[in-house]
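# Close look at the chain arrangement
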Amino acid sequence: MRAVRLGVSSLLLHKLRSFLTTLGVLFGVSSVIAMLAIAEGASVEAQEQIRQLGSSNVILRSVKPPEDKVSNQESRVLSYGLTHEDYARVAETYPGVKDVVGVLEVPEEVRSGSLSCRPRVLSVDPSYRDVTGRIMMEGRFLTARDGEATASVCVLGYEVARYLFPFQPAIGERIKIGAEYFQVVGVMYPRVPIGSIKRDPGTEVGGEVFLPLKTGQRLFGERQVKIRSGGMDAQEVQLHEIIIAVELDQDVPMIANASRLMLTGSHREKDYEVIVPLELLIRAQETKRIFSIVLASIAGISLLVGGIGIMNVMLATVTERTREIGIRRALGAKRHHIVTQFLVETVVLSGCGGVAGVVLGLIIPEIVEAAGDMRTIVTLEAPIFAFGISVATGVIFGLYPAWRAATMDPVEALRHE
Amino acid sequence: MSALPDEEPSGGVSVHPGQGSAGDTETVAQLEGVSRVYSMGAEEVHALDDLSFSFGSGEYWAVMGSSGSGKSTLLNILGCIDRPTRGEYRVRGQAVSELDDDELSELRSKELGFIFQSYNLIPQLNVLENILMPVLYQENPEEGIEERGRVLAERVGLGDRLTHRPAELSGGQQQRVAIARSLINDPALILADEATGNLDSKTAGEILELFDELHAEGKTILIVTHEPRVGERADRILRLKDGALEGIEDNRR
């Protein structure tokens with residue numbers, strides 16, 4: 001303890017220099033923690049998004065074919081994507097399939113009174129909620145009966161409900177989608193937990209509105225007309241998505257391959273894609289591993305630079321205090337006393353830098369999250385690891401200067417001016 | 001590089017009343033045929049050449065000689081921060097050549113007290129901490145050593161400045177701190193290297209008074225000086241010339 005106090009008092013003799021030396025470690029440590037937090041946040045978010053797709057799901061999605069292939073077609077109406085036939089075939093033939101959900105997107109505006117927004121309006125089968133693992137906040141989700149009756153009911157995502165009905169409950173209210181009226185029967189939690197992402201609640205409202213699939217098909221049809229600068233552009237898509245919920249995870253690759261084969265056979269063009277969240281998850285984990293290695297290397301380099309800074313300053317200090325070393329040796333200090341003295345100083349330096357770095361490293365992710373709309377996660381290990389490395393840096397880079405000080409000839413050292 | 005002849009010793013004139021403990025006492029330091037040779041390239045420089053003498057407890061010695069006469073080399077060897085190239089040096093019967101670096105450090109911290117021309121206090125420590133410095137490096141410092149430090153500070157007239165830093169003290173006061181520091185371990189031998197060299201004559205006189213008092217208390221003191229005025233106050237004057245012993249004068253009365 002006394003050695004630490006003495007070390008601190010020596011360091012305080014050169015406040016600016018000690019401070020600047022500490023900065024090297026400080027930035028090293030804080031950047032390590034911040035980078036790890038951002039990486040962890042990004043990785044967790046990616047994995048969460050993939051999980052929300054459902055890790056035991058296989059998603060078939062319609063994709064608009066490239067323009068150049070399209071342009072020579074006679075028809076003004078572009079027809080592509082998944083068909084009702086595909087849907088029926090999937091539903092009937094695959095073993096081990098728990099559920100098949102059809103999704104049709106309706107490109108219409110959603111309005112209530114003077115407020116309007118453009119969320120994704122999805123016509124879905126009632127098992128959609130179950131398959132995607134979404135949770136109701138209030139009310140109920142769509143039922144099979146809604147579908148059979150082609151009822152004009154809808155379920156709002158949380159963001160849409162909050163935007164359209166800021167001061168009253170949305171349940172029971174009527175909203176207008178395109179030219180049709182719908183009654184709100186339920187409100188659903190957003191995909192990502194509230195609070196982790198702060199969106200500007202302006203006109204760019206995200207979120208979703210859900211209708212029964214049959215209602216959507218009947219009221220809005222499959223043909224969508226868009227007015228563009230060059231004229232009209234119509235396209236026809238029977239189904240935008242088919243979500244296949246698989247009973248067992250181990251069957252997922254098999255069903256994914258079967259779907260690919262089936263679609264290759266029945267479609268002339270590649271106007272679809274097959275998304276397998278499980279495969280994405282595995283890939284995301286692999287990406288995370290590589291990312292971590294890269295980060296660790298950057299962390300290593302930044303701390304190496306900090307360590308060299310410490311060594312440089314300590315070598316200067318040793319030269320400057322040669323006389324002091326001589327005095328201490330003459331008065332009975334053994335070599336290990338001198339080594340300890342200088343090591344304590346470097347460890348105090350790097351330790352202070354480490355503590356300050358941990359503090360800054362905890363603040364930076366907060367700032368990034370607030371300003372950059374990015375998710376960050378500080379794990380418990382990151383600050384401990386970074387601080388440990390900073391102290392180790394102090395010891396490793398302090399050893400040589402300390403050893404140089406201790407092996408000085410006392411006679412020479414005393415003569416030093 | 002020829003050393004100038006030393007000033008004529010001023011007979012047997014004693015500047016202070018002789019009260020040093022005379023007679024046969026324990027031998028504190030003993031040199032037998034000590035040489036110190038520096039090799040500078042191909043050339044060998046004999047800083048000390050075959051020196052033999054010994055001195056006993058309670059004696060007050062002055063080593064005199066012009067610059068280059070080997071005074072500093074002798075002091076370094078006596079202070080155990082340098083080793084003889086040839087010959088043997090014993091402190092209280094212990095041969096220095098048999099000790100390793102750590103044991104030598106231990107010996108310095110227990111048996112020797114150093115007083116330097118430029119005081120050599122540690123700037124970041126206060127007066128009391130500086131006085132206690134040699135104790136810092138002992139394995140088992142004795143009980144109440146801090147109290148002893150306070151008493152010694154009092155003894156050299158700095159009892160009210162314990163928390164001052166060296167930079168806040170005058171040269172004479174700094175040298176007093178250094179003297180207190182050299183006494184903290186009750187050493188067998190106090191070595192002073194031109195202790196008054198940086199001081200004005202009045203302050204130097206006060207420091208020399210302090211040495212006289214310590215001598216009167218029975219401490220063993222060896223001072224190195226080139227000033228006859230300083231050397232004359234010692235019991236014995238050892239004159240060096242070109243690294244060799246020129247003579248030992250008994251200055252006692």
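An account of the accompanying structure is given in this report. (Residues numbered from 1 in each chain as written. Chains lettered and ligands numbered in written order. Predicted model: local features only at pLDDT ≥ 70, side-chain atom pairs only at ≥ 80, totals over all residues. Heavy atoms only, no water.)

Here we take up the overall build of chain A. When helices and strands are tallied, chain A shows 14 helices and 15 strands. Over its C-alpha atoms chain A spans a radius of gyration of 32 Å, topping by over 25% the 22 Å that the globule rule assigns to 417 residues. Considered along the principal axes of its C-alpha atoms, chain A spans approximately 100 × 50 × 45 Å. For chain A, restricting intrachain contacts to residue pairs at least 6 apart in sequence, the fraction spanning at least 24 positions comes to 78%. Counting 44 positive and 46 negative side-chain charges, chain A places the averaged centre of each group 9 Å from the other. (Helix = DSSP H or I, 4+ residues; strand = E, 2+ residues; numbered from the N terminus. Rg over C-alpha atoms; globule rule 2.2 N^0.38 Å. Contact = heavy atoms within 4.5 Å. Lys, Arg positive; Asp, Glu negative; His and termini not counted. Charge placed at Lys NZ, Arg CZ, Asp CG, Glu CD.)

It is worth spelling out the pattern of salt bridges at this point. If you walk through the whole model with that rule in mind, you get 35 salt bridges over all chains. A salt bridge links Arg 92 of chain B to Glu 111 of chain B, with the nearest nitrogen and oxygen atoms 2.9 Å apart. One end of the pair, Arg 92 of chain B, is in the loop between strand E4 (86-91) and strand E5 (94-95); the other, Glu 111 of chain B, is in helix H2 (residues 101-111), and 19 residues separate them in sequence. Relative accessible area serves as the criterion here: at 43%, Arg 92 of chain B is assigned to the partly exposed category. What makes Glu 111 of chain B buried here is its relative accessible area of 19%. A single salt-bridge network, built from bridges that share partners, covers Arg 321, Glu 324, Arg 328 and Glu 345 of chain A. (Salt bridge = Lys/Arg side-chain N within 4 Å of Asp/Glu carboxyl O. Buried < 20%, exposed > 50% of the residue type's maximum accessible area, 1.4 Å probe, protein only.)

Time to look at the nonpolar core. Counting 67 residues, the largest nonpolar core has Leu 74, Tyr 89, Leu 189 and Leu 222 of chain B as its most contacted members. It is helix H12 (residues 335-372) of chain A that contributes the most residues to this core, seven residues altogether. If we skip the residues at most four places from it in the chain, Tyr 89 of chain B touches Ala 29, Gln 30, Leu 31, Val 34, Ile 77, Leu 78, Cys 80, Pro 84, Gln 94, Ala 95, Val 96 and Leu 189 of chain B. Met 64, Ala 178, Ala 195 and Ile 221 of chain B belong to the second largest nonpolar core, which has 39 residues in total. (Core = buried A, V, L, I, M, F, W, Y, C linked by side-chain atoms within 4.5 Å.)

Glancing now at the packing of aromatic side chains. Inspection of the entire model under this criterion finds eight aromatic pairs over all chains. Taking 6.4 Å as the distance between ring centres and 15° as the angle between the ring planes, the aromatic pair formed by Phe 182 of chain A and Phe 220 of chain A counts as stacked. Taken together, the positions of Phe 182 of chain A in strand E10 (residues 180-188) and Phe 220 of chain A in helix H8 (residues 213-220) put the pair 38 residues apart, joining distant regions of the chain. Neither residue differs from the other here; Phe 182 of chain A and Phe 220 of chain A are each classed as buried. Geometrically, the ring pair formed by Phe 53 of chain B and Phe 55 of chain B is stacked, given 6.1 Å between the ring centres and 20° between the ring planes. (Phe/Tyr/Trp six-rings, centres within 6.5 Å; stacked < 30°, edge-to-face > 60°.)

Time to look at the sheet that holds strand E10 (residues 244-250) of chain B. Residue and element names in this part refer to chain B. Spatially, E6-E7-E8-E3-E9-E10 is the arrangement adopted by the six strands of the open sheet, whose pairing is mixed. Edge positions in the open sheet fall to strand E6 (112-115) and E10, since each of these has one partner strand only. Neighbour to neighbour, the strand axes of the sheet diverge by 20° on average, direction disregarded. By the bridge criterion, four bridges tie strand E3 (residues 60-64) to strand E9 (residues 236-241) in an arrangement that is parallel. (Pairing = 2+ DSSP bridges. Axes fitted to C-alpha atoms, helices over the stretch in contact; angles between N-to-C directions.)

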